[in-house]
Amino acid sequence: MTTKEAWDEGGEEPRAPEAKGWKALYLKEDWWAIWLGLGLMIVAVILFSGGSTVLKTLAINPGGLKWQTFGQLMGHFQANAGTYLTQFVCWLVLFGVSARIMGIKLSQFIPSFIVLYVLSMVMFGIAGWANAAKFNLEAPLVALVIGLIIANVVPLPKWLDAGFRVEYFIKLGIVLLGATFPITLVVTAGPVAIAQATIISLVTCLVIFFVGTRVFGLDKRLCAVLGVGGAVCGVSASMAIAASVNAKKEDLYTSVTLVVVWALVMIIFLPFVARAMGLGAGVAGAWIGTSEFADAAGFAAASTYGKMAGNEEVAIKAFTLMKVIGRDLWIGIWSFVFALIATVMWEKAETGRKPEAMEIWWRFPKFVIGFFVASILMTIITSSYSAADFNSQVRPNLILPLVSLRTWAFIFCFLSIGLTTRFRELKGVTMKTFSAFTAGVIVNVILGYLLSVHVFGDHWSALK
Amino acid sequence: MTPVCARCRSFVGDAAALERAVPGLKILSSAYGSVRADTGLCERHGSFVTPSQTCPEFQPMHAAGREQAGT
């Protein structure tokens, strides 16, 4: 399908290209994740300071219910119907307004989000069953599998995808995660994460690139797109690189297929293998952060393992340090490096393109800034409380409601992954392309294991 | 007028159109994200470009309108 045909199908007029300047503050979902995440955090702090429990009430979810009979679950929903309705309206307004400003049609977004919210309540309901853990019914896995089944069996209209914004939800979740993540932990554990991420990013990218070009004779632009996709953060990194090297549309489409397939395999594979090996939550979180491709898929895997190991917070902290703080920072750097290589060594025609160091900032995943700001602000705000007051007042009335909101954002994300993954839409890839990418995956997983378990194992085990 | 890709009729920079043009793009990514910056798709060459790039096959946007009006 050409893009013009795609326009016709979507019934929208093409718009002018978006500027990299101030317009990005309201046209890019990274910035919206920051505005919403920090806004929710500030509202939470103000309500907490005034002694209000409104947010604590509104942040309700049935995930911790531990219900024994179906009647108990229904009783919970009946008793809290008004609260859930209010919460739904709040989410809808926040996401709906921001989506509209970014250019998404509300006539498509609203029905889509209603479906997503109702399904999320079902997921929480399943995860809140007293015996859920016995059957590995962890919320992220259940959300993913049910989403996949619906997307591939039920003939849902394509426009319903409008509200299944995987990246938007995970970015909001990460900013909210910053509000419960002490900045002191970033300072003490961050350098090791960055060191490990640097090793893995360089090795994985170079393995895919050189195996692809030298062993299988694949196009260097395709290999650059695949290499960075495997090394940094999947399709997002591939898209960032695509313009730097003038990659073909088909190259990015190939990356989508390989990243999605391997990311789904890893969501299932890594938590169960980590459990079979008896790895601690911190070590497994770091391994998943080193070896998963996309933030959304990685959070699903880390959260699943954290629930299996009974320490979700530590698994998510280790994953965040490794993936969000360590690997994601590499996107802009790789874009700049490949733009330099492409213009100096690969291109014969004059394209007027000059690699600029500002590329590193333009392509920087801005939601990470929101994570840091939330972490710094909350650390300062809560530093005046004694440990006893923190545990008796701050934690139940400020921190846990924010954790619950974050969990909602994550469930929206995990469900959206499944609901948007239609296997019939993925591109067929050649055996050579598959092999080149898979070589990188194998090296990445083995090296990630060695670094997380043996080289930096003591560091990740000590994480609290 | 500077003949850059951003002003060419083959340039697609709209996030929604890009997501429809590459099936599966939004599964684990998004055209609305910062990492894309202002990357767009050249319809003529089927490749990704930045708005400031130039090309010998540049065709101004308004030319498309004239062409369509004349047919």
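The structure contained in this document is the topic of the report that follows.

Further remarks concern the overall build of chain A. The helix and strand tally for chain A stands at 21 helices and 0 strands. Across its three principal axes, chain A shows a C-alpha extent of roughly 65 × 55 × 45 Å. Counting all 464 residues of chain A, 58% fall into the buried class. Taking as baseline every contact in chain A between residues at least 6 positions apart, the subset at least 24 positions apart corresponds to 82%. Distance from the positive charge centre (35 side chains) to the negative charge centre (26 side chains) of chain A: 2 Å.

To continue, consider the overall build of chain B. The secondary structure content of chain B amounts to 2 helices and 3 strands. Reading the secondary structure of chain B in the N-to-C direction produces β-α-β-β-α. In chain B, which comprises 71 residues, the share counted as buried stands at 61%. Contacts spanning at least 24 positions in sequence make up 59% of the contacts within chain B whose residues lie at least 6 apart. Total accessible area on chain B is roughly 2700 Å²; 55% of this is exposed by carbon and sulfur atoms.

Our focus in this paragraph is the side chain of Glu138 of chain A. Residue and element names in this part refer to chain A. Mapped onto the fold, Glu138 is located in the loop between helix H7 (106-127) and helix H8 (139-153). It is Lys307 that comes nearest to the buried, bridge-free Glu138 among opposite-charge side chains, at 5.8 Å. The contact partners of Glu138, leaving out residues within four places of it in the chain, are Ala133, Thr304, Lys307 and Met308.

For the rest of this paragraph, the subject is a nonpolar patch on the surface. Among the surface-exposed residues, Tyr26, Leu85, Val89, Val93, Val97 and Ile101 of chain A lie close enough to one another that they form a single nonpolar patch of about 520 Å² accessible area. In terms of residue count, helix H6 (residues 81-102) of chain A provides more of the nonpolar patch than any other element does, 5 residues in total.

Our next topic: the sheet that holds strand E3 (residues 47-49) of chain B. Judged by pairing direction, the sheet is antiparallel, and its 3 strands sit side by side in the order E1-E2-E3 (chain B) without closing on themselves. A single partner strand is all that each edge strand has here, and the edge strands are strand E1 (11-12) and E3 of chain B.

Right, let's talk about the packing of helix H12 (residues 249-277) of chain A against helix H13 (residues 281-291) of chain A for a bit. Residue and element names in this part refer to chain A. Where H12 meets H13, the axes come as close as 11 Å, and the angle between the chain directions of the two elements is 150°. When the axes of H12 and H13 are compared, the pair comes out roughly antiparallel. As for the relative orientation of H12 and H13, their crossing is right-handed in sense. For the pair H12 and H13, contact is made by Met266, Leu270, Val273, Ala274 and Met277 and by Ala284, Trp287, Ile288 and Ser291, respectively. Looking at side-chain class alone, the contact of H12 with H13 contains 8 nonpolar, 1 polar and no charged residues.

So, on to the environment of Leu264 of chain A. Here Leu264 of chain A is to be found in helix H12. For the pair Leu264 of chain A and Met345 of chain A, spaced 81 residues apart in sequence, the C-alpha to C-alpha distance is 36 Å.

With that out of the way, let us pick up the interface of chain B and chain A. Counting residues at the interface gives 41 residues for chain B and 61 residues for chain A. Buried surface at the junction of chain B and chain A, summed over both partners, amounts to about 4400 Å²; 57% is from carbon and sulfur atoms. Put simply, chain B and chain A have 1 salt bridge between them. Across the pair Glu19 of chain B and Arg165 of chain A runs a salt bridge whose closest N-O atoms are separated by 2.7 Å. Seen at the junction of chain B and chain A, the total is 17 residue pairs in polar contact (both at pLDDT 80 or more). Put simply, the parts of the chain that give the side of chain B that touches chain A at least two residues each are E1, helix H1 (15-21) and E3 of chain B. Top element by residues in the side of chain B that touches chain A is H1 of chain B. It accounts for 6 residues. Each residue belonging to the side of chain B that touches chain A can be placed in one class, and the counts come to 19 nonpolar, 14 polar and 8 charged.

This paragraph deals with the pattern of salt bridges. Residues and elements named next belong to chain A. Scanning all chains against the criterion turns up 14 salt bridges over all chains. For Lys323, the salt bridge goes to Asp295, with nearest N and O atoms at 2.8 Å. Of this pair, Lys323 sits in helix H15 (residues 312-327) while Asp295 sits in helix H14 (residues 295-309), and the two are 28 residues apart along the sequence. With a closest N to O distance of 2.6 Å, Glu359 and Arg363 form a salt bridge. The same class applies to Glu359 and to Arg363, which are both buried.

The next subject is the side chain of Ser291 of chain A. Residue and element names in this part refer to chain A. Locating Ser291 in the fold gives a position in helix H13. Within the structure, the side chain of Ser291 is placed 3.0 Å from the side chain of Asn444, a separation counted as a polar contact. Beyond its immediate chain neighbours, meaning those up to four positions away, Ser291 contacts Met266, Leu270, Arg327, Asn444, Val445 and Gly448.

Residues and elements named next belong to chain A. Tracing the sequence through the fold places Ser238 in helix H11 (residues 220-245). Along the chain, Ser238 and Trp22 lie 216 residues apart, while their C-alpha atoms are 24 Å from each other. With near-sequence residues (within four places) excluded, Ser238 lies in contact with Val225, Gly229, Leu252 and Ser255.

Turning next to H15 of chain A. Residue and element names in this part refer to chain A. The end-to-end C-alpha distance of H15 is 21 Å, a good match for the 22 Å that 16 residues give at a rise of 1.5 Å each. Thr320 marks where H15 bends most, by close to 30°. Burial analysis of H15 places 14 of its 16 residues in the buried class, the great majority of the element.

Parameters at a glance
- Residues numbered from 1 in each chain as written.
- Chains lettered and ligands numbered in written order.
- Predicted model: local features only at pLDDT ≥ 70, side-chain atom pairs only at ≥ 80, totals over all residues.
- Heavy atoms only, no water.
- Helix = DSSP H or I, 4+ residues; strand = E, 2+ residues; numbered from the N terminus.
- Buried < 20%, exposed > 50% of the residue type's maximum accessible area, 1.4 Å probe, protein only.
- Contact = heavy atoms within 4.5 Å.
- Lys, Arg positive; Asp, Glu negative; His and termini not counted.
- Charge placed at Lys NZ, Arg CZ, Asp CG, Glu CD.
- Areas by Shrake-Rupley, 256 points an atom, 1.4 Å probe, with all protein chains shown as cover.
- Salt bridge = Lys/Arg side-chain N within 4 Å of Asp/Glu carboxyl O.
- Patch = residues over 30% accessible without salt bridge, like charges linked within 9 Å, V, L, I, M, F, W, Y side chains within 5 Å.
- Pairing = 2+ DSSP bridges.
- Axes fitted to C-alpha atoms, helices over the stretch in contact; angles between N-to-C directions.
- Parallel < 35°, antiparallel > 145°, perpendicular 65-115°, else oblique.
- Left-handed = near helix turned anticlockwise from the far one by under 90°.
- Nonpolar A, V, L, I, M, F, W, Y, C, P; charged D, E, K, R; others polar.
- Buried area = accessible area lost by both parts, 1.4 Å probe.
- Polar contact = N/O pair within 3.5 Å; in protein donor to acceptor, adjacent residues only side chain to side chain.
- Expected span 1.5 Å × (residues − 1).
- Bend = angle between axes of the 7 residues up to and from the residue.

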